Amino acid sequence: MPKVLFFNGLGQQVADIFQQKVPAGFEVSWRPHRLSDDEKGALVRDVEFLVLHPAEISGDVLREAKTLRLLQLLTAGYDKIDLRLTGQLGIPVATNGGANAWAVAEHSVALLLAVYKRLVLCDRSVREGRWRQAVSGFDTFEVAGKTVGLVGAGNIGRKVARRLAGFETRTIYYDVVPAPDIEKDLGARRVSLEELLREADIISLHLPLLRETRGLIGRKELAMMKPTVVLLNTSRGEIVDEEALVEALKEKRIGGAGLDVFRKEPIAPDHPLLGLENVVLSPHTAGHAYEGWFRRARFAWENIQRVAAGQAPLSVARPEE
C-alpha cells in the first residue's frame, strides 16, 4: 500500500480536509511542518508521496527520501524548493494546479477596493467615533473606466481581468505567453512591460519568483507609472524593490499599493510600509479560502493517483535554465 505523508503547517482543519479525500488503497499520515530536519528525514525514508504546505523542505530531508515518487505541493509557489536537487534525485515536484486562483483573484480585487475606497481608514474612523473624517470625497475613486494592467496573465491574472471587467474596465497585459481567451472575451491587449507601466491605472502582479522576475519592478519601473496608479502584489514580495516602493509611496509618486507579500515575512514591526496610509496590507493570505482547501486536496490526490498508476503528474514545476 503506497505511503503518503503530509507535512502540514496549517493545523488540524487542513489535515482533516486532506485526509477526508483519501482514495482507497493509500496509507496516509500527517505531521507538523515545524519538525526538525532530523525528524523529517526519519519519516520520509519509506514514503512514496510527500505533500507540503508551506512549500519548504531542505535538501538534507530530500536526500533521505529514497522511495519518493512525487513531491506534491498544496501551494502555487515553489521558489523555496531546490528544483535542481529534486531533478538530480529524480523526484517530480507538482504545484497545486491553480487551486487557489479564485481566492487570489478575489483578494487582488479586495485590495484594490480597499485602497480606492480607503476602507481601512473609514472603518477606523467609525470605530473611533470620527464620523466621515477619514475621507474628503476627493481622495476616493471609482474602478470604472480605469485601465487594468496585468503583469502575468496566467490562471490568476486572467481571473483578475474577468472580475474587474465587471467594473467596466479596460485590460492590457504583459506576458511571454499570449492569453487569447481574454483578448477575445474582454478585448484585452498584449503590450510591452514599458507600455503597460505607462498606461495602466491599476497594475496587478501575477508572476512566479524566477531569476528574471526578481526585482522586476524597481525604481526605473516605478518612475514610469502614473502618479495615480495603484500597484497590487499577491505573487511574491521579491518581485518588487521594496525600498524603491516605499520611497515612491512616501513621496506620492504613485497613488497607492495593495500588498499581500513582502521581501521578508512576517514583515518587521518597524517596517516603513506600516506607517503609510496609502497602502493596504495583508499577511500572505490571498490564497487562503475555505473552498480552496478542498480543491487543493482534490487536485493533490488526483495527481498522486496518476503517479501511482504510472502516469506523469500534472502541474509540474520546472527548474530555471
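The preceding data block contains the structure.
Just so it is clear, the model here is predicted, and its values are computed rather than measured.

Novice: Please clarify how unusual backbone geometry should be interpreted in this entry.
Specialist: Peptide bonds are, in most cases, trans, and in most cases residues other than glycine have a negative phi. The peptide bond linking His-53 to Pro-54 adopts the cis configuration, its omega dihedral lying at 5 degrees. With respect to the element layout, Pro-54 can be found in the loop between strand S3 (49–53) and helix H3 (59–64). Look at the link from Glu-265 to Pro-266: it is a cis peptide, with omega at 0 degrees. One can find Pro-266 in the loop between strand S11 (256–259) and strand S12 (279–281). The backbone of Lys-252 sits at a positive phi, close to 60 degrees, despite the residue not being glycine. Given the relative accessible area of 59%, Lys-252 is considered exposed.

Novice: Could you clarify how one ought to interpret the pattern of salt bridges in this entry?
Specialist: This structure, assessed with the given rule, holds 20 salt bridges. Between Arg-253 and Glu-251 there is a salt bridge whose closest N-O contact spans 2.7 Å. According to the relative accessible area criterion, Glu-251 is exposed, its value standing at 51%. If you follow the salt bridges from partner to partner, you end up with Arg-158, Arg-162, Asp-181 and Asp-185 in one network.

What counts as what
Residues numbered from 1 in each chain as written. Predicted model: local features only at pLDDT ≥ 70, side-chain atom pairs only at ≥ 80, totals over all residues. Heavy atoms only, no water. Helix = DSSP H or I, 4+ residues; strand = E, 2+ residues; numbered from the N terminus. Buried < 20%, exposed > 50% of the residue type's maximum accessible area, 1.4 Å probe, protein only. Salt bridge = Lys/Arg side-chain N within 4 Å of Asp/Glu carboxyl O.

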